[in-house]
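# Structural description and commentary
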Amino acid sequence: MQVIYDDVPFNKQLVTLARESRGISQIELAKALGLSQGKMSKIENGLLGLSRDELNNIAQFLEYPVSFFQRDEKVHGVGLSEFYHRKRQSVPQKSLNKIYANLEARRMEIAQLLKSIDLGEPDFHYMDPDRFNDDVPRIAATIRAAWHIPKGPIQNVVEVIENAGGIIVPFDYEGVNIDAITMFHPNTPPLIFTNFERPMDRIRFTLCHELGHIIMHRKPPGEDTDIEQQADTFAAEFLMPGDEISSSLGELSLKKLASLKLYWRVSMSALLVRATTLGKVNAGQSRYLWEELSKRGYKKREPEELTPPKETPNMLDEILKLHHEDLGYSISDLSQTLHLNELEYKKMYSSQPSHLRLVK
């Protein structure tokens, strides 16, 4: 994986990753370094090496320490669900490349931190929809039962997922219309990189949608399978079990949707979709209510007073706090461990009280 030239080792994949994480094209980097694009391309493909000065110049321009490029690590791509979902997005490829590169950089950093932490085995049971005759609501109900979730609304979705061993990571998608992307690799728990600029009711549904992918989608689906719809169905049943909510969805009005939202902690739109799916409103009633939501601008943003309070992820902060307090890492130590400059480390990470155990 590493290339050695003039006694300077470097990982060609990490050169590309660093460049894309800064939103810089290959030709832009080459120009900044006074190189031809042809040479830069060959460097990234492992056909040419780097002198010590060239590696230092790349590190300085991309604002990573030299050690970032000298790790013997394999770079991973996005997961199965994102592969299918991104076909629906009208997002420039350069923007997606920057997002994916930063996601992978964060994944590698978290994997490094987890080497000293005993999180135990994540409690995410793989349930192939094919084995359940595509009965996605049954899968969602099974997970609720396995996690001992009581009847009624889930009060804190973030806490439920992190208690099961997932790590929810706030992530800045820089204005790109993405709610969350999950990375789930061997030897690491699921990492759900989440856009917390959204309203909390939308975040809760998004997290349960991603949970549906984690539980159900670990192999390519059949040609007729829409895994995004399956994940939506899972999220709806997980948050609003049909046998519990169905009796409440009759004779719907905007006032009733608002009341149900306060109780179930989901959006009015999600409740209306649920009512339609469960056959509690007919086509005419559904159309009328959607028109009313649209007139009030609720399809874009529902009233703030109806939005559930923020649910804050804690797992990553606890991992960092453990390193600082139990292991005695300084900010400088952690910056070096994660191959980041100190300024970027401070921007990316913070720490809170820890209840985790060290690896023994």
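Residues numbered from 1 in each chain as written. Predicted model: local features only at pLDDT ≥ 70, side-chain atom pairs only at ≥ 80, totals over all residues. Heavy atoms only, no water.

## With respect to unusual backbone geometry
The backbone of Glu-63 sits at a positive phi, close to 60°, despite the residue not being glycine. With respect to the helices and strands, Glu-63 occurs in the loop between α4 (52–62) and α5 (80–85). If you check the backbone angles, Arg-265 has positive phi at about 65° while not being a glycine. Take Arg-265: its relative accessible area is 13%, and that puts it in the buried class. (Helix = DSSP H or I, 4+ residues; strand = E, 2+ residues; numbered from the N terminus. Buried < 20%, exposed > 50% of the residue type's maximum accessible area, 1.4 Å probe, protein only.)

## Topic: helix α1 (residues 12–21)
Residues lying three or four places apart along an α-helix face the same way, a consequence of the helix completing one turn every 3.6 residues. Of all 10 residues making up α1, 7 are buried, and the element is well covered by its neighbours. Along α1, the residues classified as buried are Leu-14, Val-15, Thr-16, Leu-17, Ala-18, Arg-19 and Ser-21. Against the buried residues of α1 lie β2 (8–11), α2 (26–33), α3 (37–44), α4 and α6 (93–113). Directly beyond the C-terminal end of α1, a positive phi value near 70° is found at Gly-23. (Contact = heavy atoms within 4.5 Å.)

## Some words on the side chain of Arg-107
Relative to the helices and strands, Arg-107 resides in helix α6. Take Arg-107: its relative accessible area is 7%, and that puts it in the buried class. Apart from the residues within four sequence positions on either side, Arg-107 is in contact with Lys-74, His-76, Met-183, His-185, Leu-191 and Phe-193.

## Concerning the packing of aromatic side chains
If you walk through the whole model with that rule in mind, you get 10 aromatic pairs. Judged by centre distance (5.2 Å) and plane angle (75°), the rings of Phe-68 and Phe-69 are edge-to-face. Members of the aromatic cluster, joined through ring pairs, are Phe-124, Trp-147, Phe-234 and Phe-238. When the ring centre of Tyr-64 is taken as origin, the NZ or CZ atom of Arg-22, which lies over that ring, is 4.0 Å away. Just above the ring of Phe-68 sits the side chain of Arg-71; from NZ or CZ to the centre is 4.5 Å. (Phe/Tyr/Trp six-rings, centres within 6.5 Å; stacked < 30°, edge-to-face > 60°. Lys NZ or Arg CZ within 6 Å of the ring centre and 35° of its normal.)

## Topic: the packing of α1 against α3
At a closest axis distance of 7 Å, the pairing of α1 and α3 adopts a crossing angle of 120°. Relative to α3, the element α1 is oriented oblique. Along its contact with α1, which presents Lys-12, Val-15, Thr-16 and Arg-19, the element α3 presents Met-40, Ile-43 and Glu-44. Of the residues in the contact of α1 with α3, the class split is 3 nonpolar, 1 polar and 3 charged. (Axes fitted to C-alpha atoms, helices over the stretch in contact; angles between N-to-C directions. Parallel < 35°, antiparallel > 145°, perpendicular 65-115°, else oblique. Nonpolar A, V, L, I, M, F, W, Y, C, P; charged D, E, K, R; others polar.)

## Here's the deal with the nonpolar core
In this structure, Phe-69, Ile-99, Leu-103, Ile-167 and Phe-193 are the most contacted members of the largest nonpolar core, which totals 53 residues. Broken down by element, the residue count for this core peaks at 9 residues, all from α6. Dropping the residues within four chain positions of it, Phe-69 is found in contact with Phe-10, Asn-11, Leu-14, Val-15, Ala-18, Leu-55, Ile-58, Ala-59, Leu-62 and Tyr-64. Judged by nonpolar contacts, the second largest core, of 51 residues, contains Met-200, Leu-257, Ala-258 and Met-268. (Core = buried A, V, L, I, M, F, W, Y, C linked by side-chain atoms within 4.5 Å.)

## Brief notes about the confidence of the model for the protein
Averaged over every residue, the pLDDT of the protein is 91; residues scoring 70 or more account for 94%. Within the model, pLDDT remains below 50 along residues 351–356, and this stretch shows 19 contacts once partners closer than five positions in the same chain are excluded. (pLDDT = per-residue confidence, 0-100.)

## Details of the sheet that holds strand β4 (residues 167–170)
Read from one edge to the other, the open sheet built from 3 strands follows the order β4-β6-β5, with strand pairing classed as mixed. Pairing within the sheet leaves two strands with one partner each, and these edge strands are β4 and β5 (180–183). Strand-to-strand twist across the sheet, computed as the mean angle between neighbouring axes with direction ignored, equals 20°. Summarising the sheet, β4 and strand β6 (residues 191–194) pair through 4 bridges and their orientation is parallel. Across the sheet, residue Val-169 finds its bridge partner in β6, namely Phe-193. (Pairing = 2+ DSSP bridges.)

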